[in-house]
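A closer look at the structure
Okay, here's what each chain looks like letter by letter:
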Amino acid sequence: MKRSYIPVLILCAFLMMSIVFTQYMVHQYYFENYVTTLIFCGLNLLLFPAALYVYRKGVKTDA
Amino acid sequence: MSKRNNNIPFDQDNYTHNIDRNNERKLDRRGFMKTLVGAAGVFAVSSLPWGAVAAKELMGLGEKEYPNKKITDVSKIAIGDSVDFKFPGDHDDAILIRLSESKYVAYQNACTHLRCPVFWEKEDGEMICPCHHGKFDVNTGVPTAGPPRRPLPEIQVKVENGTVFAVKVKRYEA
């Protein structure tokens, strides 16, 4: 069984990005920059399927 | 172990045969990645309402014109005093401060840090939030000290026939 920790690191980075985007989104909402809010909402939504994809890939390699 | 599986009835005096204590709470690499993906999912879902309200504002649904609301009479508020009122909704606390004979300023007084009410300190000439000692400049609503980082939303006021009216909440000029 050969494990790769690269997917773990990528997922950590993704989660960090999720946190940063969420924080930024909330602040931009209160600053009334609604387009920026929408952009970061979209990025957050994209991060989840991307994370799922990385997880699937990571699980397959250690089977 | 394998003998017990599908071998009913097994030893009835052993009630913990299916508990593998040694590995029960082990967090392996796969489990950790699962947690990370789940957390990313939670963040994605939680950003949905923000996107929804932002889209609503963008489509102009949030730009309602509120009817002018009477705050107080000019004769009832001395120079340097403040009056609390609600604008534009019944639950949006706001404060009106008379700075001079003809200069009035009004802000929604929920502190931009954690929404505590902001009070006008006449002696110090500044607006203060008692929760975490956030201070705001009275002329502009810009935070000058403490945790808040965003100015208080300003309310446009007008004076007509000796009465002070709230007209609308000004938008931020970013």
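Residue numbers here run from 1 along each chain, matching the order of that chain's written sequence. Chain letters and ligand numbers both follow the written order, the letters beginning at A and the numbers at 1. Owing to the predicted nature of the model, reporting of local features is limited to residues with pLDDT of at least 70; listing and counting of side-chain atom pairs is limited to 80 or more, with chain, interface and lining totals taken over all residues.

**Quick word on the overall build of chain A**
Comment: elements are numbered from the N terminus, with helices defined as DSSP H or I runs of at least four residues and strands as E runs of at least two. Helix and strand counts for chain A come out as two helices and zero strands. Any residue with 12 or fewer other C-beta atoms within 10 Å of its own C-beta is exposed, any with 20 or more is buried, and the rest are partly exposed; the C-beta atoms used are placed from the backbone. Buried residues in chain A amount to 35% of all 63 residues. Partitioning the intrachain contacts of chain A with sequence separation of at least 6 by distance along the chain shows that 59% fall at a separation of at least 24. By definition, residue pairs are in contact when their C-beta atoms, positioned from the backbone, come within 7 Å.

**Considerations on the overall build of chain B**
When its secondary structure is counted, chain B shows one helix and ten strands. Counting from the amino terminus, helix and strand elements in chain B follow one another as α-β-β-β-β-β-β-β-β-β-β. Split into buried and exposed, the 174 residues of chain B put 24% on the buried side. Contacts in chain B between residues at least 24 apart in sequence constitute 34% of all its contacts with a sequence separation of at least 6.

**Focus: the environment of Phe21(A)**
Residues and elements named next belong to chain A. You can see Phe 21 is positioned in helix 1 (residues 6-30). Between the alpha carbons of Phe 21 and Cys 41 there is a distance of 7.6 Å; along the sequence they are 20 residues apart. The contact partners of Phe 21, leaving out residues within four places of it in the chain, are Phe 40, Leu 43 and Asn 44.

**Considering the interface of chain B and chain A**
Chain B puts 24 residues into the contact, and the matching count from chain A is 31 residues. When grouped by side-chain class, the residues that make up the side of chain B that touches chain A number 14 nonpolar, four polar and six charged. Amino acids outside the nonpolar list (Ala, Val, Leu, Ile, Met, Phe, Trp, Tyr, Cys, Pro) and the charged list (Asp, Glu, Lys, Arg) are all regarded as polar, and Gly is one of them.

**Details of the nonpolar core**
One finds Ile95(B), Leu96(B), Ala106(B), Tyr107(B), Val118(B), Ile155(B) and Val157(B) to be the most contacted residues of the largest nonpolar core, which totals 22 residues. Residues within four places of Val118(B) in sequence aside, it is in contact with Ile95(B), Asn109(B), Cys111(B), Met127(B), Ile128(B), Cys129(B), Phe136(B) and Leu152(B). Counting 14 residues, the second-largest nonpolar core is a separate cluster that includes Leu11(A), Ala51(A), Val54(A) and Leu36(B). In plain words, the nonpolar core is the set of buried Ala, Val, Leu, Ile, Met, Phe, Trp, Tyr and Cys residues that C-beta atoms within 7 Å link up.

**Points about the sheet that holds strand 7 (residues 134-136) of chain B**
The pairing of strands in a sheet comes from backbone hydrogen bonds and takes either a parallel or an antiparallel form. Residues and elements named next belong to chain B. A pair of strands is labelled paired if DSSP reports no fewer than 2 bridges between them. Read from one edge of the open sheet, four strands run 5-6-7-8, paired in antiparallel fashion. Strands at the two margins of the open sheet, each flanked by one partner only, are strand 5 (119-121) and strand 8 (143-145). Within this sheet the neighbouring strands show an average axis-to-axis angle of 40 degrees, counted without direction. As defined by bridge partners, strand 5 adjoins strand 6 (residues 126-129) across three bridges and the pair is classed as antiparallel. Note that in strand 6 the partner of Phe 119 across the bridge is Ile 128. Axis definition: a line fit to C-alpha positions, over the contact stretch in the case of helices; interaxial angles, taken between N-to-C directions, run 0 to 180 degrees.

**Quick word on the pairing of strand 10 (residues 163-169) of chain B**
Residue and element names in this part refer to chain B. As defined by bridge partners, strand 1 (residues 69-73) adjoins strand 10 across four bridges and the pair is classed as antiparallel. Paired with Lys 70 across the bridge in strand 10 is Phe 165. In this structure, strand 9 (residues 154-160) lies alongside strand 10, joined through six bridges in antiparallel fashion. Counterpart to Glu 160 in the pairing with strand 10 is Thr 163. The turn joining strand 9 and strand 10, which pair antiparallel and follow one another in sequence, is formed by two residues; a positive phi near 50 degrees is taken by Asn 161.

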